[in-house]
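Letter by letter, the chains look like this.
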Amino acid sequence: AKVSRDHTVRFNLSVNDGHTAKSHGVFMIEGKNPNTHIYNNTVYMNGVTDMVVKQYASMGNSTTDSFKFTNNIFFGISGKSFRWTAETGWKNTVFDNNIFCNANADGLKKLSGVTVSNIKTDDPKFANPSVDIKNAKRADVIKAFTPAQKLRGATNIGNNGGKDINGDKVNTIDFYGCVKY
């Protein structure tokens, strides 16, 4: 099987995903997929998840190689909200300049092959995280998980697709998470 490469995952909102079964995660990575960049996503957990990034082997590919996570917000209600796992292994995986608010960055640092740098722990102070996501309109859910304050220090990323989750124009990235604010 050929290896898929050079993927981008950006401007997504995940609310309480990845905790329903051991085979699920917020970002499910199968095989190597080298040079994948996962940036400007918001992951919110008000319970406990077994994994945010679920990595596992398939088709003979046993190691996730050359992944980069930038400008993401990983937010949990408590420090126990995130348990980072990898079934087979990571190689050259970098978490650089992300917000880990009650998101167990120390657990992530313990994984072999993972480098974690420039950790921010700012509380994004979401506008209304108790919103009923099953019954609210999409725009209201996104607004509820927009940080109430400007979080400084995001890494500018070129070739960013030009639009955030709302479809608002993005020339330069100077924000964390999935919504330009």
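All residue numbers here refer to positions counted from 1 along the written sequence of the relevant chain. Given that this is a predicted model, residues contribute local features only at a pLDDT of at least 70 and side-chain atom pairs are listed and counted only at 80 or more, while totals for whole chains, interfaces and linings are drawn from all residues. To get the side-chain values, all heavy atoms of the structure are used, and hydrogens and water are removed first.

Considerations on the packing of aromatic side chains
What counts, and what does not: Aromatic rings from Phe, Tyr and Trp, taking only the six-membered ring of Trp, are treated as a pair when their centres fall within 6.5 Å; an angle between ring planes under 30 degrees marks them as stacked, one over 60 as edge-to-face, and anything in between as tilted.
Throughout the structure, instances matching the rule amount to 12 aromatic pairs. Every member of this aromatic cluster is reached through a ring pair, and the members are Phe-67, Phe-69, Phe-74, Phe-95 and Phe-100.

Some thoughts on the pattern of salt bridges
The condition that has to hold: Counted as salt bridges are all cases of a side-chain nitrogen of Lys or Arg within 4 Å of a carboxyl oxygen of Asp or Glu. Secondary structure counts use DSSP, requiring at least four H or I residues in a row for a helix and at least two E residues in a row for a strand, with both numbered from the N terminus. Only protein chains enter the accessibility calculation, which uses a 1.4 Å probe; a residue whose area is less than 20% of its type maximum is buried, one above 50% is exposed, and one in between is partly exposed.
Here the structure, examined in full by the defined rule, presents one salt bridge. The partner of Lys-109 in a salt bridge is Asp-106, with the nearest N and O atoms 3.5 Å apart. With Lys-109 and Asp-106 both in helix H1 (residues 105–109) and three residues apart, the pair spans about one turn of that helix. Lys-109 gets classed as partly exposed once you look at its relative accessible area, which sits at 42%.

Here's the deal with the sheet that holds strand E11 (residues 93–96)
What counts here: Criterion used throughout: strands pair if DSSP finds at least two bridges between them. Geometry is summarised by axes, namely lines fitted to C-alpha atoms with helices restricted to the contacting stretch, and by angles between N-to-C directions that run from 0 to 180 degrees.
Pairing is parallel across the open sheet formed by five strands, whose spatial order is E1-E4-E8-E11-E13. Both edges of this open sheet fall to strand E1 (8–10) and strand E13 (114–117), since each of them pairs with a single strand only. When strand polarity is set aside, the average angle formed by the axes of neighbouring strands in this sheet is 10 degrees. In terms of strand pairing, E1 meets strand E4 (residues 36–39) through three bridges, oriented parallel. Across the sheet, the residue bridging to Thr-8 is His-37, located in E4.

Some details on the pairing of E11
Where strand E8 (residues 67–70) lies against E11, three bridges are found, and the strand directions are parallel. In the sheet register, Phe-69 faces E11, and the bridge partner there is Phe-95. Where E11 and E13 come together, four bridges link them in parallel fashion. Within E13, the residue paired with Val-94 across the bridge is Thr-115.

A closer look at unusual backbone geometry
With a phi angle near 55 degrees, Asn-102 is a residue other than glycine that sits in the positive phi range. You can see Asn-102 is positioned in the loop between strand E12 (99–101) and H1. Within the chain, Asn-118 stands out as a residue other than glycine whose phi angle is a positive 50 degrees.

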